[in-house]
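Descriptive structure summary
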Amino acid sequence: MTTFGIQDASRRSGLSEPTLRYYEDVGLLGPIDRDDRNGHRRYRPQDLDVLEALACLRAVGVGIEDMRTYQANRARGRAGAGDQRDLLLRHAERIEAEIADQHARLGYVREKAALWDARERGDIAAETEATRRVVDAAGRLGVPR
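First, a word on scope: everything that follows refers to the structure included in this document. (Residues numbered from 1 in each chain as written. Predicted model: local features only at pLDDT ≥ 70, side-chain atom pairs only at ≥ 80, totals over all residues. Heavy atoms only, no water.)

**Topic: the overall build of the protein chain**
- Looking only at helices and strands, one finds 6 helices and 2 strands in the protein chain.
- Here the C-alpha atoms of the protein chain give a radius of gyration of 24 Å, more than 25% beyond the 15 Å that 2.2 N^0.38 yields for 145 residues.
- Overall size of the protein chain, expressed as C-alpha extent along the three principal axes, is 80 × 35 × 25 Å.
- Here the protein chain holds 145 residues, and the buried ones make up 30% of them.
- Here the analysis covers contacts within the protein chain between residues at least 6 apart in sequence; of these, 45% occur between residues at least 24 apart. (Helix = DSSP H or I, 4+ residues; strand = E, 2+ residues; numbered from the N terminus. Rg over C-alpha atoms; globule rule 2.2 N^0.38 Å. Buried < 20%, exposed > 50% of the residue type's maximum accessible area, 1.4 Å probe, protein only. Contact = heavy atoms within 4.5 Å.)

**Overview of the environment of V60**
- Relative to the helices and strands, V60 is located in the loop between α3 (45-59) and α4 (64-76).
- V60 gets classed as partly exposed once you look at its relative accessible area, which sits at 40%.
- Each C-alpha atom of the pair V60 and A79 lies 24 Å from the other, and the pair is 19 residues apart in sequence.
- Excluding its chain neighbours within four sequence positions, the residues that come into contact with V60 are R94 and I95.

**Comments concerning the nonpolar core**
- Counting 22 residues, the largest nonpolar core has L20, Y23, L29, Y43, L51, L54 and M67 as the members making the most contacts within it.
- For this core, the elements supplying multiple residues, two or more each, are α1 (6-13), α2 (17-25), α3 and α4.
- By residue number, the principal contributor to this core is α3, which donates 7 residues. (Core = buried A, V, L, I, M, F, W, Y, C linked by side-chain atoms within 4.5 Å.)

**Focus: α1**
- Taken as a whole, α1 has its buried residues at I6, A9, S10 and S13. Burial along α1 is one-sided: seen end-on, the buried residues are contained in an arc of 100°. Away from its buried face by more than 90 degrees, α1 exposes Q7, R11 and R12.
- Buried-residue contacts for α1 involve α2, β2 (41-42) and α3.
- Immediately beyond the C-terminal end of α1, within one or two residues, lies G14, with a positive phi of roughly 80°. (Arc of directions from axis to C-beta.)

**Some points on α4**
- With 13 residues, α4 extends 19 Å from end C-alpha to end C-alpha; this agrees with the ideal 18 Å at 1.5 Å per step.
- Residues M67, Y70, Q71 and N73 constitute the buried set of α4. Viewed end-on, α4 has its buried residues packed into an arc of 165°, placing them on one side of the element. In α4, the exposed positions angled more than 90 degrees off the buried face are occupied by E65 and A75.
- In this fold, the buried residues of α4 make contact with α2, α3 and α5 (81-121).
- A positive phi of about 65° marks G77, the residue just after α4. (Expected span 1.5 Å × (residues − 1).)

This is the structure we're talking about:
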């Protein structure tokens, strides 16, 4: 059976070597086989599959505890499917909220740029309207007036 050293596993998963060690230490992965001669970790193809899933979860901001839950649900197969769906939908909602926050930030920056554009042109009416829109955009940021 083909196995991979920690450098190869790191390269294939996109996770750093310290992260691979940490995930093993906290029980997200493994136990990882060791080479009898030198004690180095030897990752099996199924370990790389787990690492790929963990790397994707990490990339979308899933924390260690939810990664543990994900792994436990995954091991339960069909019996864990509903719990897995619910966990992922909670994270989808969190990401949607983050996107909405980013849109609010983007809107504020664009409106502020429009204000400065109107000011540069000396267009008082456009500046007044842009100021109103900036105040509205600041409100969407949750900044008190």
